Amino acid sequence: YGDLIAAPPEKVAELVDGSLYLSPRPSLRHANSASVLGSVLNAAFHRGSGGPGGWWILNEPELHLGVDVMVPDIAGWRRERLPELPDIVGIDLAPDWLCEVLSPSTERFDRLQKLPCYARAGVAHLWLVDPKNRRLEVYSRFDEQWILLETHTGGAVVAAPPFDAVAFDLAALWG
């Protein structure tokens, strides 16, 4: 963990399967997709404005999942599992849902290293957002494996688990 703390501030540092990984900060297209999706989910599911509420939706939380320390782009916890948001840096309670926004420089790492760790930790739902190809992949965990449920592209109107109570326009994520 000391190596993670000592990482350069212009890098995203993560510990996965005992190895330190340093990734470049996201591009503006990547940041836009994460910001827009986070704002849509925050309104309906975090604040309950136009949606059911009942969630904590956080941008780039530090997850302490066993020996792994990872930083997804967005993560969400049902308030029934996390009634109050603790005043800490890293949380050891696996989120109920998370999203990774794919970049050419990190897609392989996200898919091959991080996704298996998220499944082992018990994350129930996972979304992969690909701004370059304008695609959303929606997964659910079965045992410790991810099952692809849906793929949405372009400007589709999406209502996907676990946030299927509210539809949103996927085109908004592409800028």
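Below, the structure is looked at part by part. Here the structure is a predicted model, which means the values were calculated and not measured.

## Observations concerning the side chain of Glu137
In step 1: One can find Glu137 in strand β10 (residues 135-142).
In step 2: Judged by its relative accessible area of 8%, Glu137 is buried.
In step 3: Among the polar contacts listed, one links the side chain of Glu137 to the side chain of Arg111, at a separation of 2.8 Å.
In step 4: Every residue in contact with Glu137, bar those within four places of it in the chain, is listed here: Arg111, Leu126, Trp127, Leu128, Leu148, Glu150 and Thr151.

## A closer look at the environment of Ile57
In step 1: As for its placement among the helices and strands, Ile57 is situated in strand β3 (residues 55-59).
In step 2: Ile57 sits in the buried class, given a relative accessible area of 3%.
In step 3: Note: C-alpha distance between Ile57 and Asn42 (15 residues apart in sequence) is 5.9 Å.

## Structural notes on helix α2 (residues 28-46)
One full turn of an α-helix is made of 3.6 residues, so residues set three or four places apart face in the same direction.
In step 1: All of the buried residues along α2 are His30, Ser33, Ala34, Val36, Leu37, Gly38, Leu41, Asn42, Ala43, Ala44 and Phe45.
In step 2: Tucked into the core, α2 has its buried residues touching β3, β6 (74-78), β8 (97-101), β9 (125-130) and β13 (168-169).

## Thoughts on the pattern of salt bridges
In step 1: Going through the model one piece at a time under the given rule, you end up with 11 salt bridges.
In step 2: Where Arg25 meets Glu60, a salt bridge forms, and the shortest distance between an N and an O atom there is 3.5 Å. Placement of Arg25 in the loop between β2 (19-24) and α2 and of Glu60 in the loop between β3 and β4 (62-65) is noted, with a sequence separation of 35 residues between them.
In step 3: Residue classification places Glu60 among the partly exposed residues on the basis of a relative accessible area of 36%.

Analysis parameters
- Residues numbered from 1 in each chain as written.
- Predicted model: local features only at pLDDT ≥ 70, side-chain atom pairs only at ≥ 80, totals over all residues.
- Heavy atoms only, no water.
- Helix = DSSP H or I, 4+ residues; strand = E, 2+ residues; numbered from the N terminus.
- Buried < 20%, exposed > 50% of the residue type's maximum accessible area, 1.4 Å probe, protein only.
- Polar contact = N/O pair within 3.5 Å; in protein donor to acceptor, adjacent residues only side chain to side chain.
- Contact = heavy atoms within 4.5 Å.
- Salt bridge = Lys/Arg side-chain N within 4 Å of Asp/Glu carboxyl O.

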